[in-house]
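# Structural overview for review
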Amino acid sequence: MSTKNSVMVFIQQDDGQIAEVSVELLCKAKDLASRVHASVTGVLLGKDVRKSAESLIPYGVDELFIVEDDRLENYTPMPYTKIMVDIIKKIQPQIALYGATTTGRDLAPRITSNLKVGLTADCTDLQIGDYSSKGADYKNILYQIRPAFGGNIIATIVSPEKKPQMATVREGVMKLIEPDPSYKGKITAFKADLTDADFPSVIIERIKQEKTVNLKGAQVIVSGGIGVETKENFQLIIDLAHALGAEVGASRAAVDAGLIPKDHQVGQTGTTVRPKLYIACGISGSVQHRAGMDESARIIAINTDPEAPIFKIAHYGITGDLKDVIPKFIKAFKAKS
Amino acid sequence: MGLNLIVLVKQVPDTQNITGEAMKEDGTVNRAVLPAIFNPEDLHALEAALTLKDTIPGTQVHVITMGPPSAIQVLKESLYRGADSVALVSDRKFAGADTLATSYALKCAIEKIGNYDIIFCGRQAIDGDTAQVGPQTAEKLNLNQITCVSNIEKVDTEKRLILARRSIEGGYELVQAPLPVLLTITDEGYSPRPPSVIKVMTFKNASAEMSEEKYDESYIDSKVEQKSNQAINLWDINAINADPESCGLSGSPTKVKKIESVILVSADIRMVENSQDAISGMVHELIADHTLG
């Protein structure tokens, strides 16, 4: 299949590790590509990335373009923009996707500005459909769906006239599919024309802490909100999580109040999760929070306020004080298991 | 030697303190009830520029905003804090601009000022949260950028180098870059100063005839209503030499197809009594269907 008009994914690597969101996007690209009868392409830039590139083909990549250069080891905007613009001009994808990470949100706007094409930030869903405007009909257009206005509205954005249609997509919202080890795709080294003048920025130091909280991978999450009120009460949330073998989550309000560190935050500005069970304790359920957890298979809401919006999306609701409810919960689980 | 600094700011509806009234029944946003504020991270960007002005003699801070006439308020707020010059980029032809068309107009306005060492933006605006206009403007100026800057560690005016701390997932980078450069600033490292009382007295009546209390999408007519004023520069499409085709709706590749307000549909909720028996029953069910255990 020709790679022209493909669905393209920018594959992000950090210290040689492929970003999870890039794999999620390859899976989504496969789905979109089947709807518009196109191939899937990827672009991976960095130092010695061929091995990583090979590991991605099984996700259904038809052609993966790589540029290997020691100076591309860490992301900086100028050389990455230059290469991406050159590759897009050459292979002319109809759709180009980026993770809504610090890197993706730094890079994608520069590329669109150069190519004078549209870009939608932080999409939570992508679909294919038709669009009509002023007598013109467009078939198989990318619907770029994102929350806006602090999460109070969901907007569907289209860029019908210009190609590629570009979007950054939030981590954790696209489902992974099983890789197919026998998938046949090719890796093509792209010749980038780089001089030292293309590298104005120098990264002097890069400090990253290991992630200690794994909300995305958790099957069960016990989350606390501002209704938890104190650090002492938050210990109850942690106790319940320990008892259930669950991860500890939190709403933004709880994080802002200093009840728990930010890496526990679930929601629009935190992590998007879809566990088997989400237990929301003292969380009212603002749109921003719900955006990050409403796809949980089961939701239990524990809140003193029976009118709290969280009850609207919960499967089980308990009206009561969590100081009273959680010990009963722990006791019940210990007795049954 | 002093630096020439440009700060790009935006007036936004306050989406962080949204109430039920903010959404109309048809799902659109009722801007009339939302107070218009200085975009929070833009205030941090202004502070970053003013901090350099405080330490490097001869430094000038120019503030630009694009928006309707009411956006004058954020320019006055900038004057109150110590900006040297401010400009409102406003024209009916800019209406309906997406981030690409906005960045084009801002690029034209920046070129009107001409000489700059650092351009500052807030990391993102709270109405759209896109974080796109800064990088898009930098690309149009063929200018290097450092986004998500929490602090400027050092500016060497002799060697014309900047060292900035950039927030990344789970940590930070120290990035060194030559001037000129565009920075987007987060709300982590700076504490915006309050307005100076003396400056408020000086500028409070600046362009009073154009100020409006509420956020309003209407644009001034560039030919009829525009009045220049000593403190606040008013630039229309001709003043910044912009190509109308690249502005407003015609310069915007993205279109809004549909807006839906987030309405909660009650799930099949089962209320569980706050008693040991009822909670044990619920836990038993969850273990039975392999959700727990």
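Across its full length, chain B holds 6 helices and 13 strands. Within chain B, the proportion of its 293 residues that are buried is 49%. Long-range pairs, those at least 24 residues apart, make up 72% of the contacts in chain B with a sequence separation of at least 6.

Looking only at helices and strands, chain A features 9 helices and 18 strands. The C-alpha atoms of chain A give a radius of gyration of 22 Å, which matches the 20 Å a tight globule of 337 residues would have. By principal-axis analysis of the C-alpha atoms, chain A measures approximately 65 × 55 × 40 Å. The 337 residues of chain A split such that 55% are buried.

This paragraph deals with the nonpolar core. Counting 71 residues, the largest nonpolar core has Val-7, Ala-49, Ala-105, Ala-109 and Phe-120 of chain B as the members making the most contacts within it. Counting residues per element, this core draws most heavily on helix α3 (residues 99-113) of chain B, which supplies 8 residues. In this structure, Leu-32, Val-67, Tyr-98 and Phe-149 of chain A belong to the second largest nonpolar core, which totals 65 residues.

The strand order across the open sheet built from 10 strands is β13(A)-β9(B)-β8(B)-β7(B)-β10(B)-β6(B)-β1(B)-β4(B)-β5(B)-β11(B), with neighbouring strands paired in mixed fashion. Two strands in the sheet have a free side with no partner beyond their single neighbour: β13 (202-208) of chain A together with β11 (232-235) of chain B. With direction set aside, neighbouring strand axes in the sheet form an average angle of 25 degrees. Sitting on the sheet, α3 of chain B touches β1 (4-9), β4 (60-66), β5 (85-89), β6 (118-122) and β11 of chain B, and the angle it makes with β4 of chain B is about 150 degrees.

A separate point is helix α4 (residues 102-115) of chain A. All names here are of chain A. In this model α4 runs 21 Å from its N-terminal to its C-terminal C-alpha over 14 residues, within 8% of the 20 Å that 1.5 Å per residue would give. Taken across its 14 residues, α4 has 13 buried, putting it largely inside the fold. Of the residues one or two after α4, Lys-116 is the one with positive phi, at around 55 degrees.

All names here are of chain A. Relative to the elements of secondary structure, Lys-139 occurs in strand β9 (residues 136-148). Given 10 C-beta atoms within 10 Å, Lys-139 falls into the exposed group. Taking the C-alpha atoms as reference, Lys-139 lies 9.3 Å from Val-36; in sequence the two are 103 residues apart.

Bringing the packing of α4 of chain A against helix α4 (residues 133-140) of chain B into the picture now. α4 of chain B packs onto α4 of chain A with a crossing angle of 45 degrees between their chain directions and a minimal axis gap of 8 Å. It follows from the interaxial angle that α4 of chain A and α4 of chain B lie oblique. As for how α4 of chain A packs across α4 of chain B, the hand of that crossing is right-handed. Along the contact surface, α4 of chain A presents Asp-106, Pro-109, Arg-110, Thr-112, Ser-113 and Asn-114 of chain A, while α4 of chain B presents Pro-135, Gln-136, Ala-138, Glu-139 and Lys-140 of chain B. Of the residues in the contact of α4 of chain A with α4 of chain B, the class split is 3 nonpolar, 4 polar and 4 charged.

Before going further, it helps to spend a moment on the environment of Gly-16 of chain A. Residues and elements named next belong to chain A. Secondary-structure assignment places Gly-16 in the loop between β2 (13-14) and β3 (17-18). On the basis of neighbour count, Gly-16 is assigned to the exposed category, with 12 C-beta atoms found within 10 Å. Taking the C-alpha atoms as reference, Gly-16 lies 23 Å from Arg-110; in sequence the two are 94 residues apart.

Attention now moves to the confidence of the model for chain B. Residue and element names in this part refer to chain B. Confidence along chain B averages 87 in pLDDT terms, with 84% of residues attaining 70 or more. The low-confidence segment residues 208-215 (pLDDT under 50) makes 15 contacts with residues lying over four places distant or belonging to another chain. Counted against residues more than four places away or in other chains, residues 220-229, with its pLDDT under 50, gives 15 contacts. For this predicted complex, the interface confidence reaches an ipTM of 0.86, while the overall pTM sits at 0.84.

The rules behind each value
- Residues numbered from 1 in each chain as written.
- Chains lettered and ligands numbered in written order.
- Predicted model: local features only at pLDDT ≥ 70, side-chain atom pairs only at ≥ 80, totals over all residues.
- Helix = DSSP H or I, 4+ residues; strand = E, 2+ residues; numbered from the N terminus.
- Buried ≥ 20, exposed ≤ 12 C-beta atoms within 10 Å, placed from the backbone.
- Contact = placed C-beta atoms within 7 Å.
- Rg over C-alpha atoms; globule rule 2.2 N^0.38 Å.
- Core = buried A, V, L, I, M, F, W, Y, C linked by C-beta atoms within 7 Å.
- Pairing = 2+ DSSP bridges.
- Axes fitted to C-alpha atoms, helices over the stretch in contact; angles between N-to-C directions.
- Expected span 1.5 Å × (residues − 1).
- Parallel < 35°, antiparallel > 145°, perpendicular 65-115°, else oblique.
- Left-handed = near helix turned anticlockwise from the far one by under 90°.
- Nonpolar A, V, L, I, M, F, W, Y, C, P; charged D, E, K, R; others polar.
- pLDDT = per-residue confidence, 0-100.

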